[in-house]
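Remarks on the overall topology
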Amino acid sequence: MKQKTGILLLQLGTPDSPSTRDVRTYLREFLSDPRVIDLPWIARTVLVNGIIAPFRAPKSAKIYRELWQLGSGRSPLLTHTENTRTRLQERMDVYAAKTGATIDVEMAMRYQNPSMESVLARMHQAAYDRIIILPLFPQYASASTGSAIEKAFDIIRRWWVIPHLDIVSQFYDHDGYLDSIVDRAAAFDLGSYDHILFSYHGLPERHVDKVYNEGLCSDRDCEHEITGENGWCYKATCYATTRLLAEKLGLHEDRYTVTFQSRLSKKWIEPFSDKVLEQLARKGAKRVLVFSPAFVADCLETLIEIGSEYQTLFRQHGGDTVDLVPSSNDHPRFIDCLESLVLDRIP
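Structure report, in brief. (Residues numbered from 1 in each chain as written. Predicted model: local features only at pLDDT ≥ 70, side-chain atom pairs only at ≥ 80, totals over all residues. Heavy atoms only, no water.)

Concerning the overall build of the protein chain
Defined as follows: In this description a helix means any DSSP run of H or I spanning at least four residues, a strand means any run of E spanning at least two, and both kinds are numbered starting from the N terminus. Each radius of gyration is computed over the set of C-alpha atoms, and the globule rule expresses the reference value as 2.2 Å times the number of residues to the power 0.38. Throughout this description, buried means an accessible area under 20% of the type-specific maximum (1.4 Å probe, protein chains only), exposed means over 50%, and partly exposed covers the range between. Working rule for contacts: check all heavy atoms of both residues, and any pair within 4.5 Å makes them a contact. Lys and Arg are tallied as positive, Asp and Glu as negative. Neither His nor the chain termini are counted. The atom standing in for a charge is NZ when the residue is Lys, CZ when it is Arg, CG when it is Asp and CD when it is Glu.
Helix and strand counts for the protein chain come out as 11 helices and 8 strands. Rg of the C-alpha trace for the protein chain: 20 Å, near the compact-globule value of 20 Å for 347 residues, within the 12% margin. Oriented by its inertia axes, the alpha-carbon framework of the protein chain measures out at about 65 × 50 × 50 Å. For the protein chain, buried positions account for 53% of its 347 residues. Contacts in the protein chain between residues at least 24 apart in sequence constitute 76% of all its contacts with a sequence separation of at least 6. Once the 41 positive and 46 negative side-chain charges of the protein chain are each reduced to a mean point, those two points are 6 Å apart.

Description of the pairing of strand S2 (residues 102–112)
We apply this condition: By this definition, two strands are paired if DSSP reports at least two bridges between them.
With 9 of its 11 residues buried, S2 lies for the most part within the structure. In the sheet, strand S1 (residues 4–14) pairs with S2 via 10 bridges, with the strands oriented parallel. Looking at S2, one finds that Leu8 is bridged to Glu106.

Quick notes on helix H9 (residues 273–282)
Extensive coverage of H9 is indicated by the burial of 7 of its 10 residues. Within the span of H9, buried status applies to Ser273, Asp274, Val276, Leu277, Glu278, Leu280 and Ala281. Packed against the buried residues of H9 are strand S5 (195–201), strand S6 (256–261), strand S7 (287–291), helix H10 (300–316) and strand S8 (321–324). Positive phi shows up at Gly284, right after H9, with a value of about 105 degrees.

Topic: the packing of helix H3 (residues 76–99) against helix H11 (residues 332–343)
The test is simple: Interaxial angle, 0 to 180 degrees, is taken between N-to-C directions of lines fitted to C-alpha atoms, where a helix line uses only the stretch in contact. The scheme is simple: roughly parallel for angles under 35 degrees, roughly antiparallel for over 145, roughly perpendicular for 65 to 115, oblique for anything else. Handedness of each helix crossing follows the sense of rotation of the near helix against the far helix: counterclockwise by less than a right angle gives left-handed, clockwise gives right-handed.
For the pair H3 and H11, interaxial distance at closest approach is 10 Å and the crossing angle is 55 degrees. The pairing of H3 with H11 is recorded here as oblique in orientation. Pair H3 / H11 crosses with right-handed handedness. Of the residues in H11, those touching H3 at Thr84, Arg87, Leu88, Arg91, Met92 and Tyr95 are Pro332, Phe334, Ile335, Asp336, Leu338, Glu339, Val342 and Leu343.

Some words on the sheet that holds S1
Across the sheet, which stays open at both edges, the 4 strands sit in the order S2-S1-S3-S4 with parallel pairing between neighbours. Each edge of the open sheet carries a strand with a single partner, namely S2 and strand S4 (164–167). Across the sheet, the axes of successive neighbouring strands diverge by a mean angle of 20 degrees, strand direction being ignored. The strands touched by helix H1 (residues 20–31) within the sheet are S1 and S2, with S2 carrying the most contacts at an inclination of about 100 degrees.

With respect to the environment of Glu301
With respect to the helices, strands and loops of the structure, Glu301 is situated in helix H10. Filtering out sequence-adjacent residues up to four positions away, Glu301 remains in contact with His201, Gln261, Ser262, Phe295 and Ile306.

Quick look at the sheet that holds S8
Reading across from one edge, S6-S5-S7-S8 is the order of the 4 strands in this open sheet, with parallel pairing throughout. Each end of this open sheet is capped by a strand with a single partner; those strands are S6 and S8. Geometrically, the sheet is characterised by an average inter-axis angle of 30 degrees between neighbouring strands, direction not taken into account. Against the sheet, H9 makes contact with S5, S6, S7 and S8, and its axis sits at roughly 165 degrees relative to S5, the strand it touches most.

In structure tokens, the structure reads:
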């Protein structure tokens, strides 16, 4: 008898709307996660509910309204993830027609909607023999992949019958994912830019330090190699992703810089994307191209932070143009990647 397989794609999340109320609700859920802000419960609660959510929500809501306009009235992250689910389901339908298998693709958000609780409840009712959990984060980080997997386990552990579970923890080195980015870059004349940034979402330094049983991330050569010790270090895999992309793009190492954006303090992974942009402008750079390989779907961090805020910042310091290479979104080669990751786990 052919097995029934359920595939759960997981993304970070988005407010239900750009209203201040919904943005505040989203921020509270997101920032209350101990894998995101890894402070003691009391300190985290006071910080999130007493400071960040009340004061940041109105400002963030204004930014989300701008983002919604770019997304034709809804969250681009939600739209792109829905499209990715649809494209992957189409691939699975073709495979199922050939094999007689039953394969359903679902998607959920770690924070807000569609919620993991509601989607996994539906998957529970379907009584799958196997569930493949696939967080859409190419490079593992406890604050993203780890949190999504933990939440899924917290829900599934309450089921009386727990099916076979497969987890995809990272896929930064998969050719389909890399090729989708390379193909997006084909729309740009790389040689016409003074410099290229590979900008990844930032993390506190203590998050990558916790990967290691002894010592700190800075004790390792994470900028230049992947070893048996740092294979789960977010910083190391970001640099590894860049090396793989640079090779496919034919970029010499003096043409690009790895940077980290969206920082909340000085104790986050460096170099900071905004500071590097300022330095490039002051040195006379006029045109900069930015890749955002940590984001498989365009979202606030790509469309607004890079596409709008960094453009303004660059011009303020003497530069002219910051161009953004779109994320993978539902590019066919990215769907190839997801299809491969799934089929490798179906017997």
